[in-house]
Amino acid sequence: MTTEALTPENVERLLSGSPRRRSKERAIRWFFWTASATSILITLAIVLSLVGEAWTFISQADPSSLWEIGWFPRRGLFDVKTIVAGTLLVAGIAMLVAGPLGLGTAMYLSEYARPSIRRVVKPTLELLAGIPSVVLGYFALTFITPDLLKRIFGNQVAGFNLLAAGIGVGILTIPLVASITEDALRAVPRSLREASYGLGASRMSTSIRVVFPAAVSGVVASLIIAVSRAIGETMVVAIAAGATGGSLFSLNVLQPGQTMTAAMTALAIGSDRVRGADNAFQSLFFVGLLLFLVTLFLNVISERFVRRVRQKY
Amino acid sequence: MAVTSAPTAEVLVRRSLSAKKRDVRGRVFEAVLILTLLVSMAVLVVLLLDVALDSRSVWGERTLGNFLTSQLSADPATAGIRQALVGSLILMIFTAAIAFPLGISAAIFLEEYAEDNRFARIVNANIRNLAGVPSIVYGLLGLALFVKILGGITGPEVEGRSVISGGLTLGLLVLPIVIITSVEALRAVPNSIREGAFGVGATKWQMIRHHVLPVAAPGILTGTILSLGRAFGEAAPLLLVGGITTFFQSGDATPVEQLRGRFSAMPVLVFRWASLPQAGFRALTAALIVVMLVALLLINATAIYLRNRFEKEL
């Protein structure tokens with residue numbers, strides 16, 4: 001093996017190893033680059049597939065059918081406000097459940113709990129987070145409605161209703177709210193708490209007046225993410241809220257109703273039959289596009305809030 | 001005894017430092033927090049008890065094996081979950097086959113290769129957004145792409161509504177989660193390991209292959225298996241790409257035919273059974289949920305076991 005002298009002209013070539021080795025390295029890098037670029041392709045595929053069919057739907061649909069009577073896609077009635085109202089009701093009820101329970105749990109875990117309690121509670125919350133949503137749908141239908149709501153509201157409650165679905169979705173989002181909020185509360189530096197105790201503040205004042213305000217961006221982020229999750233949640237509503245055929249516009253949460261997501265599953269199950277007929281199939285993508293845009297908007301906002309927490313400390 | 005003797009300075013200080021009255025509001029506040037925590041925990045317990053109690057009649061009348069291996073049927077007395085069990089299993093294999101290699105590769109690029117440039121930032125933001133897209137929207141993607149456009153390949157006989165379409169859809173669904181958890185596992189590898197490898201003349205790929213990946217493996221494995229658990233419980237996207245409960249390819253079909261045939265899965269079956277009015281199906285649904293939850297527990301336990309095992313070897 002002859003050794004070349006290290007001159008300024010060839011030093012870079014000599015130090016960077018054999019050309020074969022370098023081209024192999026470049027090929028490997030290219031392979032991994034492709035894999036990460038795939039994620040952009042997926043987003044593009046989602047947007048294209050949604051926009052294409054949604055556009056067909058909007059251009060063919062009778063404008064008056066989009067804002068009247070109710071959501072009965074198989075009869076050509078696509079009242080968007082019916083399913084949007086259902087979605088907002090379910091998300092609202094879910095937040096009434098998950099907000100207080102999630103925030104309270106997070107604050108106890110972060111400010112009060114001894115390590116031994118944390119060791120029990122955290123895995124339990126993770127377990128709850130891992131429960132599939134169909135299971136909560138079943139729970140809402142067979143426990144929350146008959147054993148809880150019927151006892152409170154009597155016969156005003158229908159077997160399928162939006163309230164049970166909302167509570168079910170709320171239970172599903174408790175762990176989400178609790179874990180993100182707890183992270184935000186724990187990210188508050190100890191020195192702030194110590195300063196507060198040093199001034200003679202009690203644990204309660206410290207938690208409410210010092211720690212909570214310092215972590216408020218994270219708390220808001222957790223609530224926004226939970227709303228986004230609640231809006232996108234499908235199976236609980238599909239199982240427990242009924243109205244699979246369609247629904248009139250109504251704000252009564254004790255009666256059956258439909259959300260955007262549940263309306264989509266109800267359509268899709270029968271989509272063999274409705275394919276192409278009366279725009280029903282295309283309406284699926286129109287609703288999907290709405291859902292995609294709303295959740296994207298919420299996720300982007302929540303990320304802003306999360307970043308604010310990080311910048312501060 | 002003299003009442004007049006003034007308290008000493010020590011007593012005065014001690015008295016004013018210790019609160020004279022109990023902090024009632026503080027106690028109430030703490031009690032409310034404990035209550036929210038207990039309610040959150042109790043929900044899980046009530047849910048598990050409800051399902052377990054509802055399923056009792058099934059376990060009383062038939063064996064677990066009978067329930068697992070019987071065919072789907074309209075008769076609650078004989079209906080089993082065989083097709084759903086097989087369907088879920090095949091779906092999981094598909095999901096893993098797609099999401100794991102693609103996700104881990106993407107994570108390696110983002111964490112080991114990518115500079116902090118525009119492309120990397122776009123990809124990162126994009127992946128975070130993908131992780132927040134509702135699962136039913138992935139169902140629409142699957143419906144448009146794998147069922148309608150690629151239907152001729154994924155399932156010509158059934159208009160594309162095949163296991164392949166379902167598995168591909170679930171694979172895309174968990175891909176962002178796999179990427180995010182893998183990136184975190186890679187990030188946890190100390191830089192000194194990378195520098196050590198470069199120091200002895202390793203190329204970038206040799207460094208990743210022999211030094212970074214072995215250290216990050218437990219974290220990557222745990223994250224990916226947990227994401228599989230997520231896919232296992234998903235029903236909404238499968239309903240959109242055509243997961244059904246009524247008919248399934250018979251056992252004598254070739255494997256390829258079976259993959260291109262219609263399919264069912266456990267969460268889809270929960271949805272269908274829960275909406276059936278016959279009384280017998282209530283208990284069957286509960287029994288199916290018990291099977292699902294046990295399977296999920298096994299998946300998660302595997303993840304934890306593998307993590308512990310690999311960590312010991314290092």
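Okay, so let's go over this structure. (Residues numbered from 1 in each chain as written. Chains lettered and ligands numbered in written order. Predicted model: local features only at pLDDT ≥ 70, side-chain atom pairs only at ≥ 80, totals over all residues. Heavy atoms only, no water.)

**Overview of the sheet that holds strand E3 (residues 247–248) of chain A**
Then, in step 1: Sheet architecture is open: 3 strands sit in the order E2-E1-E3 (chain A), paired in antiparallel fashion. Two strands bound the open sheet, and with one partner strand each, they are strand E2 (77–78) and E3 of chain A. (Pairing = 2+ DSSP bridges. Helix = DSSP H or I, 4+ residues; strand = E, 2+ residues; numbered from the N terminus.)

**Focus on the packing of helix H2 (residues 19–60) of chain A against helix H5 (residues 118–132) of chain B**
Then, in step 1: Close contact between H2 of chain A and H5 of chain B brings their axes to 10 Å; oriented N to C, the two are set at 55°. Between H2 of chain A and H5 of chain B, the interaxial angle falls into the category oblique. Our pair here, H2 of chain A against H5 of chain B, has a crossing hand that is left-handed. When H2 of chain A is examined against H5 of chain B, the residues Trp-33, Ser-36, Ala-37, Ser-39, Ile-40, Ile-42, Thr-43 and Ile-46 of chain A are found in contact with a partner set consisting of Phe-119, Ile-122, Val-123, Asn-126, Ile-127 and Leu-130 of chain B.
Then, in step 2: Here the contact of H2 of chain A with H5 of chain B is built from residues that sort into 10 nonpolar, 4 polar and no charged. (Axes fitted to C-alpha atoms, helices over the stretch in contact; angles between N-to-C directions. Parallel < 35°, antiparallel > 145°, perpendicular 65-115°, else oblique. Left-handed = near helix turned anticlockwise from the far one by under 90°. Contact = heavy atoms within 4.5 Å. Nonpolar A, V, L, I, M, F, W, Y, C, P; charged D, E, K, R; others polar.)

**Brief notes about the packing of aromatic side chains**
Then, in step 1: Scanning the model with the defined rule gives 11 aromatic pairs over all chains in all.
Then, in step 2: Between Tyr-112 of chain A and Phe-29 of chain B, the ring centres sit 6.2 Å apart and the planes meet at 55°, which makes this aromatic pair tilted. With Tyr-112 of chain A in helix H3 (residues 80–112) and Phe-29 of chain B in helix H2 (residues 24–61), this residue pair bridges two chains.
Then, in step 3: On the numbers, 5.6 Å between centres and 50° between planes, the contact of Trp-273 of chain B with Phe-281 of chain B is tilted. Comparing Trp-273 of chain B with Phe-281 of chain B, the two get one shared label, buried.
Then, in step 4: Its guanidinium or amino end placed over the ring of Tyr-112 of chain A, Arg-203 of chain A lies 5.3 Å from that ring's centre, counting from NZ or CZ.
Then, in step 5: Between the NZ or CZ atom of Lys-204 of chain B and the centre of the ring of Tyr-113 of chain B, over which it lies, the distance is 5.4 Å. (Phe/Tyr/Trp six-rings, centres within 6.5 Å; stacked < 30°, edge-to-face > 60°. Buried < 20%, exposed > 50% of the residue type's maximum accessible area, 1.4 Å probe, protein only. Lys NZ or Arg CZ within 6 Å of the ring centre and 35° of its normal.)

**Thoughts on the packing of helix H4 (residues 82–113) of chain B against helix H8 (residues 163–187) of chain B**
Then, in step 1: Where H4 of chain B meets H8 of chain B, the closest approach of the two axes is 6 Å, and the angle between their N-to-C directions is 35°. In this structure, H4 of chain B crosses over H8 of chain B, and the sense of that crossing is right-handed.

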